[in-house]
Amino acid sequence: MKRPLASLLTALCLTSCGGDDGKNPDPKPGNGNSASENPADVDLEAECRAAADKWKTLQAKYSAEGATNVVVTLAFDRSGRAALHVEPGIALVLDGATLHFRAPDAEGNFLVAAVPIGHVFAAAIAIADGKPLPARGENPPVPAGHVGANLALGLDDRGRSQRHAQLAVSLRESSPFGWLSLLHPQEGYTVRAVDRTAVVSGPCGRVAIDRDTGSLVDWQLEPPGGRLARLRRESFAIDEPLDPALFKLAGKPMEPHEVRGLVLDYTMQLSQEVLGKEKEWKLRLDRTIAFVTAYYRAAWTDAEIGRLAELGAKRRREIAKEYRANHPDWAQADIDAAVSNSGLPTIAEAVREEMSYNVQVFVHLARPASQEMEDEFTARFTRVVTEELAERALAAGKDR
């Protein structure tokens, strides 16, 4: 099953910055300034994390330089909205309960999708706590403190610089910025205070973080033999009204199976947080099947169930026509009873390819240690699909 857009979701946005072996036209990290950077006499990580929790709204624009140049805009407010735009490129907007995703297709046209991330998040919390799953159609807001953004530079497996921009949801409550993790003491990294900036130096390059807000100021990384890649803050504002346009994404609706691919990616990310290294098979199986149920409830809209319903109803009408021709003496009630489930094979065929892909994804999450365990998983997976898709579609098409 092809999922070209969903494959972007590994990092949500990944843009190559490397591969230029020409002379570096940019200044060296620190702009050649050799002034000493005195070790901080405070816990810079704690200070920056606390600072990142103080503001009510934040909007920042970054220039991203390298082999490809883009502009990255990040916006947060404490009411549950967040936006991350990479121009030209993708954009993500969280409005509290729904994550809106925009990406260009092969022709450069924008496609948009809406992921009910609130439902998936609430399901993950319920599964972790051993509570009932949220009902189909419920999509509560993601709680404050569980949405994080990250801008980062790194090296790929060929030693070239690459740029990441991420807007993610996590079950763990944390600060809103992923780059703050660089401030945590670790071997090979140096963290120093330079005036009101926390500076991290090491394999990551040189990263400057604003001590008063926790926001990224500058990130520079020069790969061996390559061109300097850089993220540089161009504008910044806190506690000011946010640009409403940042939270509106326009484009052609993404194909339903592509939207379901995005829902699956987020479901898998949160399920891995819940399951972790859980080794007890029965518990891992039960929780995996619960995530299967949560996925199908979130990913298949009423419109898509209606499409399946019509396919099943059409087949039922065809079979009913054959029965009337072959059994003219039968009452209509008898014909209806005889063909009541005849649409199931057609519905099953319509979801077979996608189901085959999904069962492979979730079986890796369940980690069965024997064929018997895998057979048990497959049987329960099939039961969920039957209940959440086939039976719903059959019921919806009953009177069509």
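Refer to the structure above for everything that follows.
A brief look at the structure comes next. Keep in mind that what you see is a predicted model, and the values were worked out from it rather than measured.

Glancing now at the sheet that holds strand β15 (residues 252-253). Read across the sheet, 12 strands follow the order β10-β11-β12-β13-β14-β2-β3-β4-β5-β6-β7-β15 without closing on themselves; strand pairing throughout is mixed. At either end of the open sheet lies a strand with only one pairing partner, and these are β10 (190-194) and β15. Where strand β13 (residues 216-221) and strand β14 (residues 229-238) come together, four bridges link them in antiparallel fashion. Bridge pairing in β14 links Gln220 to Arg230. Packed onto the sheet, helix α3 (residues 256-275) meets β5 (91-94), β6 (99-104) and β7 (110-115) and runs at close to 50 degrees relative to β7.

To continue, consider helix α8 (residues 371-396). Between its terminal C-alpha atoms α8 stretches 36 Å, which fits the 38 Å expected from 26 residues at 1.5 Å a residue. Of all the bends in α8, the greatest measures close to 40 degrees and is centred on Thr386. Along α8, the residues classified as buried are Phe377, Phe381, Val384, Val385, Glu388, Leu389, Ala390, Arg392, Ala393 and Leu394. Buried positions along α8 lie against α4 (281-299), α5 (302-326) and α7 (344-366).

Counting buried positions over the seven residues of strand β4 (residues 81-87) gives five, a clear majority of the element. Pairing geometry for strand β3 (residues 70-77) and β4, over seven bridges, is antiparallel. Residue pairing in the sheet places Asp77 in a bridge with Arg81 of β4. The hairpin turn running from β3 into β4, its antiparallel successor, is three residues long, and Gly80 in that turn takes a positive phi close to 110 degrees. Taken together, the four bridges between β4 and β5 define a ladder with antiparallel strand orientation. Paired with Ala83 across the bridge in β5 is Val93. Taken together, β4 and the strand that follows it, β5, pair antiparallel across an intervening segment of three residues, in which Gly89 is found at a positive phi of about 155 degrees.

Rules of the game
- Residues numbered from 1 in each chain as written.
- Predicted model: local features only at pLDDT ≥ 70, side-chain atom pairs only at ≥ 80, totals over all residues.
- Heavy atoms only, no water.
- Pairing = 2+ DSSP bridges.
- Helix = DSSP H or I, 4+ residues; strand = E, 2+ residues; numbered from the N terminus.
- Contact = heavy atoms within 4.5 Å.
- Axes fitted to C-alpha atoms, helices over the stretch in contact; angles between N-to-C directions.
- Expected span 1.5 Å × (residues − 1).
- Bend = angle between axes of the 7 residues up to and from the residue.
- Buried < 20%, exposed > 50% of the residue type's maximum accessible area, 1.4 Å probe, protein only.

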